[in-house]
Amino acid sequence: RAVAGAAHAAGALVAVDNTTATPLGQRPLDLGADVVVASGTKALTGHSDLLLGYLVTRDAGLRDSATTWRTTTGGVPGAFDCWLAHRSLATLDLRLARHTANAGALADLLAARPDVTGVRWPGRPDDPAYPVASAQMRRVPGVLSFDLGDEGRVARFLGASRLVAAATSFGGLHTTADRRAQWGDATTPGFVRFSCGVEDTADLLADVAAALDAAG
Ligand SMILES: *Cc1c(COP(=O)(O)O)cnc(C)c1O
């Protein structure tokens, strides 16, 4: 909301990427954004089996120009992808609820371990983003981050885990983790972006704890 106000005061439009939050987690247009863009590939559809994206605005002029651009130059989604997405939306609320519950429990577990540093999850009251997240988000996504120190330890952790798949995408049914520095992101070598799936919470915590123990 603060960014939208400052940008509008300067005469700029505001576009928000709402991929991680999904429309059930955060409504940027209500917070002042002019446009929302998002991938539909991640938590919105959640099964890691399709590629979609969308743009939303309440401004008819922006909508018409974006629609014209999309129709003349963009990719038009296939019927089967749309059918899969529509079917997947029915479980969005259930999936997000488990993502959030798993992330909250896992963040607590990680924060209590001396061999894990830099745990970030906006749903934790001591997280720097908590005040904004709790005021502006209806629910906190299942994506968190932490640091395991170095590349080798991340590799041993991923190798030892039975439930965590190494993958760049996030927001799916299955828990995934990505060491971002391998793609050139300006993150530390041990930084892990971790996306909680919908596995049983106790199973996921036990698996992550055992994999961390095995990683040394
Ligand atoms: C993945 C992602 C995209 C791109 O989405 P695709 O559907 O994979 O093309 C855009 N924005 C954010 C924040 C993403 O995480």
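Just above, that's the structure.
How should the nonpolar core be read in this particular structure?
Considering soluble globular proteins, one finds that nonpolar side chains tend to be buried as a cluster. Counting residues in hydrophobic clusters, the biggest one holds 24 residues, and the most contacted among them are Leu110, Leu144, Phe146, Phe194 and Val208. Of all elements in the fold, only helix H4 (92-111), strand S5 (143-147), helix H6 (151-160), strand S8 (191-195) and helix H7 (201-215) reach the threshold of two or more residues within this core. Among the elements that make up this core, the one with the highest residue count is H7 (six residues).

Honestly, the site of the ligand in this entry has me stumped. Any pointers?
In the region of the ligand, the neighbouring residues are Asp17, Thr19, Ser39, Thr41, Lys42, Leu52 and Phe170. Contact distances for the ligand include 2.6 Å between an oxygen atom and a side-chain N or O atom of Ser39. The side chain of Thr41 places a nitrogen or oxygen atom 2.4 Å from an oxygen atom of the ligand. Protein chains shield 53% of the accessible area of the ligand, which is 380 Å² for the free molecule. For the shell around the ligand, the residue count by class is two nonpolar, three polar and two charged.

Would you mind going over the sheet that holds strand S6 (residues 165-166) with me for this structure?
The pairing of strands in a sheet comes from backbone hydrogen bonds and takes either a parallel or an antiparallel form. Judged by pairing direction, the sheet is mixed, and its five strands sit side by side in the order S4-S5-S8-S7-S6 without closing on themselves. Of all strands in the sheet, those bounded by a partner on one side alone are strand S4 (117-120) and S6. Taken together, the two bridges between S4 and S5 define a ladder with antiparallel strand orientation. In the strand pairing of S5, Thr117 is matched with Asp147. Docked against the sheet, H4 engages S4, S5 and S8, running at close to 10° with respect to S5.

Is there a simple way to think about the packing of H4 against H7 in this case?
The axes of two packed helices give the description: the angle between them and the distance between them. Relative to each other, H4 and H7 sit at 35°, their axes nearing to 10 Å. In this structure, H4 crosses over H7, and the sense of that crossing is right-handed. From H4, Arg98, Asn102, Ala105, Leu106, Leu109 and Leu110 reach across to H7, where they touch Thr201, Leu204, Leu205, Val208, Ala209 and Leu212. Broken down by class, the residue content of the contact of H4 with H7 amounts to nine nonpolar, two polar and one charged.

Explanation requested: unusual backbone geometry in the structure shown.
Negative phi characterises most residues that are not glycine, and trans characterises most peptide bonds. Although it is not a glycine, Thr22 adopts a positive phi angle of roughly 65°. Locating Thr22 in the fold gives a position in the loop between strand S1 (15-17) and strand S2 (35-39). Residue classification places Thr22 among the buried positions, given a relative accessible area of 1%. Positive phi, normally seen in glycine, also occurs at Ser48, with a value near 55°. The residue Ser48 is located in the loop between S2 and strand S3 (53-57) in this model. Exposure remark for Ser48: the relative accessible area of 58% places this residue in the exposed category.

Rules and cut-offs
Position numbers for residues start from 1 in each chain and track the written sequence from start to end. Reporting of local features is limited, given that this is a predicted model, to residues whose pLDDT is at least 70; pairs of side-chain atoms are given and counted only at 80 or more, and all residues count toward the totals for whole chains, interfaces and linings. Calculated side-chain values reflect all of the structure's heavy atoms, with hydrogen atoms and water omitted. To form a nonpolar core, buried Ala, Val, Leu, Ile, Met, Phe, Trp, Tyr and Cys residues must be joined to one another through side-chain atoms within 4.5 Å. To sort residues, take the accessible area from a 1.4 Å probe on protein chains only and compare it with the maximum for the residue type: under 20% means buried, over 50% means exposed, and anything in between is partly exposed. Counting from the N terminus, the helices are DSSP H or I runs at least four residues long and the strands are E runs at least two residues long. Note on definitions. A residue lies near a molecule or strand when any single heavy atom of the residue is within 4 Å of it. Between N or O atoms, a polar contact is any pair within 3.5 Å; within protein, one atom must be a potential hydrogen donor and the other a potential acceptor, and residues adjacent in sequence are included only when both atoms are from side chains. Residue exposure ignores everything except the shown protein chains as possible cover, and the areas themselves are Shrake-Rupley values with a 1.4 Å probe. Asp, Glu, Lys and Arg are counted as charged, while Ala, Val, Leu, Ile, Met, Phe, Trp, Tyr, Cys and Pro are counted as nonpolar; the rest, among them Gly, fall into the polar class. DSSP bridges decide pairing: two strands pair if at least two such bridges lie between them. Contacts between residues were defined by any pair of non-hydrogen atoms, one from each residue, lying within 4.5 Å. Note on geometry: axes are lines fitted to C-alpha atoms, helical ones only across the stretch in contact, with angles between N-to-C directions running from 0 to 180 degrees. By convention, the crossing between two helices is left-handed when the near helix turns anticlockwise from the far helix through less than a right angle, and right-handed when the turn is clockwise.

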